[in-house]
Amino acid sequence: MEGNYQGAFYRAGKARKEYLKADSALREREHGKWQGFYGNECLTDIKQTAWVLQGLMAYLRALGDGPHYYRWQREYLYAEKDRRVMLIMNMENHLRDEELFALMEAKLEG
């Protein structure tokens, strides 16, 4: 609501990562006759929550970085002196949301 789409994108990515970790933790504890127990885990549907958060990330990126999707990538991928060189985008594809989030996470927490 404050227009901080980049911050919201990052927080949604952090939440998605935690839901994926929770889903993985459930499945890692399956063993013996309990193997596959969480295969139809549909009451809380942790996997679906992570999927919805992925959609939210895409929406927030469209609002804040669209329609060309290069500003955030430049901020987290390139050195300050290279961010204004526009021809770079002619040589590489845009990052997927997960790739951009990983760069943000490494820079903000590293």
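No experiment lies behind these values; they were computed from the predicted model shown.

K.L.:
What is the right way to read the nonpolar core from this model?
P.N.:
Within soluble globular proteins, side chains that are nonpolar generally end up buried alongside one another. Residues Phe 9, Tyr 10, Ala 12, Met 57, Leu 60, Trp 72, Tyr 76, Leu 95, Leu 100, Phe 101 and Met 104 constitute the largest nonpolar core, which totals 11 residues. Listing elements by their share of this core, those giving two or more residues are helix 1 (5–28), helix 2 (46–65), helix 3 (71–77) and helix 4 (97–109). Contact partners of Leu 95, with chain neighbours within four places excluded, come to Arg 61, Gln 73, Leu 77, Leu 100 and Leu 103.

K.L.:
What am I meant to see in the packing of aromatic side chains here?
P.N.:
Centre distance and the angle of the planes are the two values used to describe a pair of aromatic rings. The final tally for this structure, using the stated rule, is four aromatic pairs. Ring centres 5.6 Å apart and planes at 35 degrees place the aromatic pair Tyr 10 and Phe 101 in the tilted group. Residue Tyr 10 is located in helix 1, and its partner Phe 101 is located in helix 4; the two are separated by 91 residues in the primary sequence. Residue class for Tyr 10 comes out buried when judged on its relative accessible area of 13%. Note on Phe 37 and Tyr 38: the rings are 5.1 Å apart at their centroids and 85 degrees apart in plane angle, and the pair reads as edge-to-face. Classification of Tyr 38 as partly exposed rests on a relative accessible area of 25%. For Lys 107, the ring lying beneath its charged end belongs to Tyr 76, and the centroid distance is 5.3 Å.

About the cut-offs
Residues numbered from 1 in each chain as written. Predicted model: local features only at pLDDT ≥ 70, side-chain atom pairs only at ≥ 80, totals over all residues. Heavy atoms only, no water. Core = buried A, V, L, I, M, F, W, Y, C linked by side-chain atoms within 4.5 Å. Buried < 20%, exposed > 50% of the residue type's maximum accessible area, 1.4 Å probe, protein only. Helix = DSSP H or I, 4+ residues; strand = E, 2+ residues; numbered from the N terminus. Contact = heavy atoms within 4.5 Å. Phe/Tyr/Trp six-rings, centres within 6.5 Å; stacked < 30°, edge-to-face > 60°. Lys NZ or Arg CZ within 6 Å of the ring centre and 35° of its normal.

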